[in-house]
Every structure is written in C-alpha cells, then in structure tokens.
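Coordinates in review
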Amino acid sequence: MQQVKLLSADEELVFSLSGEIDAATSEDFYAQVSTAYEHDKKDVTFDCSALTFIDSTTLGTFVKIFKKLKADGNKMVLERVRPNVKKLFDICALNTLMEIRQ
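These lines cover the structure that appears in this document, whether it is placed above or below. (Residues numbered from 1 in each chain as written. Predicted model: local features only at pLDDT ≥ 70, side-chain atom pairs only at ≥ 80, totals over all residues. Heavy atoms only, no water.)

1. As for helix 1 (residues 26-39)
If you check helix 1, its first and last C-alpha atoms are 20 Å apart, about what 14 residues at 1.5 Å a residue would give, namely 20 Å. Regarding helix 1, the residues found buried are S26, F29, Y30, V33, S34, A36 and Y37. Viewed along the axis of helix 1, the buried residues span an arc of 165 degrees, placing them on a single side of the element. Away from its buried face, by an angle of more than 90 degrees, helix 1 presents the exposed residues E27, T35 and H39. (Helix = DSSP H or I, 4+ residues; strand = E, 2+ residues; numbered from the N terminus. Expected span 1.5 Å × (residues − 1). Buried < 20%, exposed > 50% of the residue type's maximum accessible area, 1.4 Å probe, protein only. Arc of directions from axis to C-beta.)

2. Notes on the environment of C92
By the element assignment, C92 lies in the loop between helix 3 (83-91) and strand 5 (99-101). Once the C-alpha coordinates of C92 and S56 are considered, the two residues, 36 residues apart in sequence, prove to be 9.5 Å apart.

3. Structural notes on the pairing of strand 4 (residues 76-79)
Of the two faces of strand 4, the one lined by M76 and L78 and the one lined by V77 and E79 are each fully buried. Pairing analysis gives four bridges linking strand 3 (residues 44-54) to strand 4, with the strands arranged parallel. What sits directly across from D47, in strand 4, is E79. This β-α-β element, strand 3 to helix 2 (residues 56-71) to strand 4, shows right-handed connectivity. Of the strand pairs in this sheet, strand 4 and strand 5 are connected by three bridges, and their pairing is parallel. Each residue of the ladder has a partner; that of V77, found in strand 5, is E99. Crossover strand 4 to strand 5 through helix 3 is right-handed. (Pairing = 2+ DSSP bridges. Right-handed = clockwise from strand over helix to strand, strands pointing away.)

Function cannot be read off these values alone, since they describe shape.
The structure is reproduced here in structure tokens:
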C-alpha cells in the first residue's frame, strides 16, 4: 500500500511518500501530485524516507512529474531515498537528471 501526503505548501510543495508505489498505484500517485501542483505551481520535494519500493512504472511517473516541473521552470528534489530505491534511479541514470539528496 502506498501513501502520498502533502506535508507543506509554503515555500515549496513537500510530499511524504510511504510504502510501495508500483504499476497498480502510480496513476493515483501522479494524480495526487498533479492536483496539488496545478493548484500551486512551485518546486516539489519528495520525502522518500518511508518509501520502501518502486517499479519501472513509478520511475516513469517520476520522469513525467520532473518534465512537467522543468517545463514550468520549477525543480524536483527527492530526499532521504532508501538505497534499494535509489539503485533504480542509478541504474537508469536518472540520478544524473534529478536531484537526489540523502
């Protein structure tokens, strides 16, 4: 089960991600983030400390969010990414495009 929670919308949109986000839940993840972003377009930070699993569909969803923000002149940051999740970003070389902080 995945959970997306908007923690703050002050300086930037800060989302907490937890559990698993995969092919079955990635559309819901995208919809929740997009809805908040369309309402208040600013930089987005994802706190991934409780995110335990993602799959290739979720990687594609992150790319879609990244492209949308970049087109608007905003940035996306992933923070506190667990090693097993970060490995997928590294394998696909997405760590060279996206800012990933430990």
